[in-house]
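Listed below are the residues making up each chain.
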Amino acid sequence: MKRTLQTLILSSALLAAGASQAAAPKAFTVEVTGQGRPLILIPGLASSGEVWQGTVARLCGPQAARQCHVLTLAGFAGAAPIEGDLLAQAEQQLADYIGTQKLGQPAIIGHSLGGFLALKMAIDHPAQTGKLVIVDSLPALGATQLPSITPPQLQAMATQMQSAMRAQDGATYAASQRRAVTSMASAPADVERIIGWGQRSDRETVIKAMGTLMASDLRQDVAKIKSPTLVLGTWIAYKDFAPRAAIEATFQQQYAQLPGVQVALADTARHFIMYDQPDWMHARIEQFLD
């Protein structure tokens, strides 16, 4: 009888472990810090969850009464890639994760590509999405130069961009990546860190995700969002191409259909606001969340 009971206990444990393993998300890994109100943080294209290190220390420290769930998407910054549509899988698996972990309606902070994913969560899974903080991300990145662009034109542009990226040899791809990142952060150490994540990212995953981002247009879909939303943008890196007022107008126009959205632009930060102007960003996020 004793041996039978032990066998049953062991079998139950193995079944539970198997079920847990089956339910584990494959489209991202998660690092959890702190105790209290849940907060999900999603990094951008080819970035590690490490990008949120300072934000986690500020928002989910011992006195903050928050619990940070920091994602790193599959194929980015050394994480193993997966087959299929990364963003679609990440969205569904994040909804599943929120349900499995009983997080209710956690606030979601997303940077760049992560901001796009946060918007998709709020559109498609409103019952599992709390307040949104979108860090330098737009509903239709491909429409910034031509607001009247059509879905077929967006798709054609994205396909052309992907083909050009795939045609690059390794050295050209790396040089292009470095050139892009140099305009996204101010401190050399931050630039090198971001480049390092890109170098450890799966190239095809990056190309596919970038294509999805460029081909998408959520400008009308954001009208479905019920979550209070704070959008934090930047402009200084683009000052040679457009004045601050024009860039702010782009943010306002792209989010025009989102009821009650708050938009604020940093004055000195480049794309990685969490590195260039952390105090400005964190203060606004804290005020918004509280």
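Please refer to the structure higher up on the page.
Let us look at the structure shown here. Sequence order as written defines the numbering, with residues in each chain counted from 1. At least 70 in pLDDT is required for a residue's local features to be given in this predicted model, at least 80 for side-chain atom pairs to be given and counted, and no such filter applies to totals for whole chains, interfaces and linings, which use all residues. Just so you know, side-chain values use all the structure's heavy atoms and leave hydrogens and water out.

Notes on the nonpolar core
Okay, so step 1: The criterion is simple. A nonpolar core is a set of buried Ala, Val, Leu, Ile, Met, Phe, Trp, Tyr and Cys residues joined through side-chain atoms within 4.5 Å. Each residue's exposure class comes from its accessible area (1.4 Å probe, protein chains only) as a fraction of the maximum for that residue type: buried when under 20%, exposed when over 50%, partly exposed otherwise. In this structure, Leu 73, Leu 94 and Tyr 255 are the most contacted members of the largest nonpolar core, which totals 52 residues.
Okay, so step 2: For the purposes of this entry, the term helix denotes a DSSP run of H or I that reaches at least four residues, the term strand denotes a run of E that reaches at least two, and both are numbered from the N terminus. Ranked by residue count, the leading element in this core is helix α4 (residues 113–124), at eight residues.

Here's the deal with the packing of helix α5 (residues 151–167) against helix α8 (residues 203–215)
Okay, so step 1: Note on definitions: angles span 0 to 180 degrees between N-to-C directions of axes, and those axes are lines fitted to C-alpha atoms, for helices only across the stretch in contact. Running from N to C, α5 and α8 point in directions that differ by 160°, and their axes come no closer than 8 Å. Classed by the angle they form, the pair α5 and α8 counts as roughly antiparallel. You can see that α5 and α8 cross each other, and the crossing is right-handed. Contact with α5, carried on its side by Leu 154, Gln 155, Met 157, Ala 158, Met 161, Gln 162, Met 165 and Arg 166, involves Arg 203, Glu 204, Ile 207, Lys 208, Met 210, Gly 211, Met 214 and Ala 215 of α8 and no other residues of that element. An angle below 35 degrees is read as roughly parallel, one above 145 as roughly antiparallel, one from 65 to 115 as roughly perpendicular, and any other as oblique. Should the near helix be turned anticlockwise from the far one by less than a right angle, the crossing is left-handed, and should it be turned clockwise, the crossing is right-handed. Two residues qualify as a contact provided that any one of their heavy atoms is within 4.5 Å of a heavy atom in the partner residue.

Some words on the environment of Thr 150
Okay, so step 1: Considering the arrangement of structural elements, one finds Thr 150 in the loop between β5 (132–135) and α5.
Okay, so step 2: The exposure class of Thr 150 is partly exposed, given its relative accessible area of 32%.
Okay, so step 3: Put simply, Thr 150 and Leu 213 are 63 residues apart on the chain and 15 Å apart in space, counted from C-alpha to C-alpha.

Here we look at the side chain of His 69
Okay, so step 1: Note on placement: His 69 falls in strand β3 (residues 66–73).
Okay, so step 2: Given the relative accessible area of 2%, His 69 is considered buried.
Okay, so step 3: Aside from chain neighbours lying at most four places away, what touches His 69 is Val 30, Glu 31, Val 32, Pro 38, Leu 39, Ile 40, Leu 41, Tyr 97 and Leu 103.

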